[in-house]
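The lines below spell out each chain.
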Amino acid sequence: MNRPTRPPTGGTADDLRRNNLARLLKIVHRSGGLPRAELTRRTGLNRSTVGACLADLVALGDVVEGSPAATPRKGRPSPLITPSPDIVAVTVNPEVDAITVGLVGLGGRVLERWRMETSADLTVREVVTRSAGAISALLAGRTLAVAGVAVAVPGQVRRSDGQVRDAVHLGWREEPLAVELERATGLPTKAANAASLGMYGESAFGAGRGIDDLVYFIGGASGIGGGVITGGQVVRGASGYGGELGHFMVRSEGRKCPCGARGCLEIEVTQRELLDCVGLLPHQVDRLDEALAASDDPAVRAVVRRDLELLGVAVRNAVNVFNPGRLVLGGFLASLHRHRPADDALGADAIRSSFESLTVATAELGADQLTIGTAELAFSDLLADPAGHRPVRVGAPTG
Ligand SMILES: [Zn+2]
């Protein structure tokens, strides 16, 4: 849940210091570690300010300052600043067939990822009980500081308290998932829409790195999700449910979608149909690229052509509305994109002036994408205000 912490406003000297700590920690986290001189260069702050802030971050236990590395170039060697290996985030992702629990270090390193198969009709109570057990086992015997727990839900989640409003594929409605998991673990817990968290991962460490205007589509077993970043800010909308790109209308007289409307992208373009047409089963999705490349069956080409056409409608709308610098495609949509004809660029039928600055990329983080992105949510309070948010120490004497 979100706790009221006093945000640094940049007004007083203390606010300024807290702002600087947040800037430095975010750069160290996103880079995974860098020489102090490079950190100074990237912030534009003077050396003594950076030195004082780093001393604070070292004292807080957030970063580690190594001994000066030998540099091939002339000049004083600069010590390497790395994220503290003790600080972690815990991630939970309930899906239709499994719950995945992960442990991610500051710097976006996936340390552990456990997948637990589940029965059909997974309940929130089962997710809470099994996740809490797995988290306890995951942390046992380790000396760590947990920045938080975050849950990636395939559905709409209220940001303020992690309430699941609707997760149609899991059959959940109005479930206080974050509150219950926090009660079971004693660790601060947040929850959000899984696709938007996948976007966080790609934006922080993958194909969207350094891009301020990004549109992201991801396709999986339970549909298509996505998200939008504009001017460096995630588009959330009034209540936090913005960015449902899977419900772009792509056929006015199309199929009925579980959301109640007709012709949504995610009901018209499905992983299941694509797998079926090349004779693969749902668990063989990692062979989809290979199967599409190997097939010269006209029926397969027809499915791919139709899917690309409908995806193209959604992409055209997104490019016209948001004018993104980059479009990132993940999951089976990346496979579709890799098998499109070379002379038929995705988004090419958008308004010319919006399309000309567009680059299209496929997601880079693979199987780690959702775990890394979910950890970004768990780390968010620490990264926003390192002096005001302290991780919870587990398994060790306090120090
Ligand atoms: Zn829909």
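None of these values were measured; they are calculated from a predicted model. (Residues numbered from 1 in each chain as written. Predicted model: local features only at pLDDT ≥ 70, side-chain atom pairs only at ≥ 80, totals over all residues. Heavy atoms only, no water.)

Draft legend 1. Focus on the side chain of Gln 284. Within the secondary structure, Gln 284 sits in the loop between helix H8 (271-277) and helix H9 (288-294). The buried category is assigned to Gln 284, whose relative accessible area is 17%. (Helix = DSSP H or I, 4+ residues; strand = E, 2+ residues; numbered from the N terminus. Buried < 20%, exposed > 50% of the residue type's maximum accessible area, 1.4 Å probe, protein only.)

Draft legend 2. Just the coordination of the zinc ion, in detail. Coordination sphere of the zinc ion, protein contribution only: His 247 (ND1), Cys 257 (SG), Cys 259 (SG) and Cys 264 (SG), at 2.0 to 2.3 Å. Classification of the site at the zinc ion rests on its four donor atoms, whose angles at the metal span 105 to 112 degrees, yielding the label tetrahedral. For the zinc ion, all donor residues lie on one chain, and their spacing in sequence is H-x9-C-x1-C-x4-C. Remark: Cys 264 occurs in the loop between strand S14 (233-234) and helix H7 (265-268) and His 247 occurs in the loop between S14 and H7; sequence separation between them is 17 residues. For His 247, a relative accessible area of 27% corresponds to the partly exposed category. Judged by its relative accessible area of 3%, Cys 264 falls in the buried class. (Donors = N, O, S within 2.8 Å, 3.2 Å for Na, K, Ca; no water. Tetrahedral: all angles 85-135°; square planar, octahedral: opposite > 155°, others 65-115°.)

Draft legend 3. Local environment of the nonpolar core. If you look at the biggest cluster of nonpolar residues, it comprises 34 residues, and the most contacted ones within it are Phe 217, Leu 265, Val 269, Leu 327, Phe 332, Leu 333 and Leu 336. At the level of elements, strand S12 (214-220), strand S13 (223-230), H8, H9, helix H10 (298-322), strand S15 (326-331) and helix H11 (332-338) are the ones that each hand at least two residues to this core. Ranked by the residues each element gives to this core, the list is headed by H10, at ten residues. Aside from chain neighbours lying at most four places away, what touches Phe 332 is Gly 219, Gly 220, Ile 224, Val 269, Thr 270, Gln 271, Leu 274 and Leu 288. Formed by 32 residues, the second largest nonpolar core is a distinct cluster that contains Ile 27, Cys 53, Ile 81 and Ala 147. (Core = buried A, V, L, I, M, F, W, Y, C linked by side-chain atoms within 4.5 Å. Contact = heavy atoms within 4.5 Å.)

Draft legend 4. Local environment of the pattern of salt bridges. By the definition in use, this model includes 27 salt bridges. Asp 97 is paired through a salt bridge with Arg 115; the nearest N and O atoms lie 3.4 Å apart. Taken together, the positions of Asp 97 in the loop between strand S4 (87-94) and strand S5 (98-105) and Arg 115 in strand S6 (residues 109-117) put the pair 18 residues apart, joining distant regions of the chain. The class of Asp 97 is partly exposed, set by a relative accessible area of 38%. (Salt bridge = Lys/Arg side-chain N within 4 Å of Asp/Glu carboxyl O.)

Draft legend 5. Broad picture of the domain arrangement of the protein chain. Assigned domains of the protein chain: these are domain 1 (13-82), domain 2 (87-197 + 369-394) and domain 3 (208-364). Averaged C-alpha coordinates put domain 1 and domain 3 at centres separated by 39 Å. (Domains from an automatic or database assignment.)

Draft legend 6. Representation of the sheet that holds strand S2 (residues 63-68). Strand order in the open sheet made by the three strands is S1-S3-S2, with antiparallel pairing throughout. The sheet is open, and its two borders are formed by strand S1 (34-35) and S2, each paired with just one other strand. The pairing of S1 with strand S3 (residues 79-83) spans two bridges and is antiparallel. Looking at S3, one finds that Pro 35 is bridged to Leu 80. Helix H1 (residues 13-31) rests against S1, S2 and S3 of the sheet, and its axis sits at about 85 degrees to S3. (Pairing = 2+ DSSP bridges. Axes fitted to C-alpha atoms, helices over the stretch in contact; angles between N-to-C directions.)

Draft legend 7. Up close: the sheet that holds strand S9 (residues 163-167). Within the open sheet, the three strands sit side by side as S8-S9-S10. Their pairing is antiparallel. Strands with a single pairing partner mark the edges of an open sheet, and in this sheet they are strand S8 (156-158) and strand S10 (172-175). Averaged over all pairs of adjacent strands, the angle between strand axes in this sheet comes to 15 degrees, irrespective of strand direction. Pairing geometry for S9 and S10, over three bridges, is antiparallel.

Draft legend 8. How the structure looks around the pairing of S9. Alignment of S8 against S9, held across three bridges, turns out to be antiparallel. Its bridge partner being in S9, Arg 158 is matched across the sheet by Gln 163. Linkage of S8 to S9, two consecutive antiparallel strands, is achieved through a turn of four residues, within which Gly 162 is found at a positive phi near 70 degrees.

Draft legend 9. Main features of the environment of Val 394. Here Val 394 lies in strand S17 (residues 392-394). You can call Val 394 buried: its relative accessible area is 18%. Sequence separation between Val 394 and Asp 212 is 182 residues; the distance between their C-alpha atoms is 36 Å. Not counting chain neighbours up to four residues away, the residues in contact with Val 394 comprise Arg 142, Thr 143, Leu 144 and Val 146.

Draft legend 10. Geometry of the environment of Ala 204. By secondary structure assignment, the location of Ala 204 is in helix H6 (residues 194-205). Between the C-alpha atom of Ala 204 and that of Leu 333, which follows or precedes it by 129 residues, the distance is 20 Å. Residues within four places of Ala 204 in sequence aside, it is in contact with Arg 30, Arg 209 and Glu 376.

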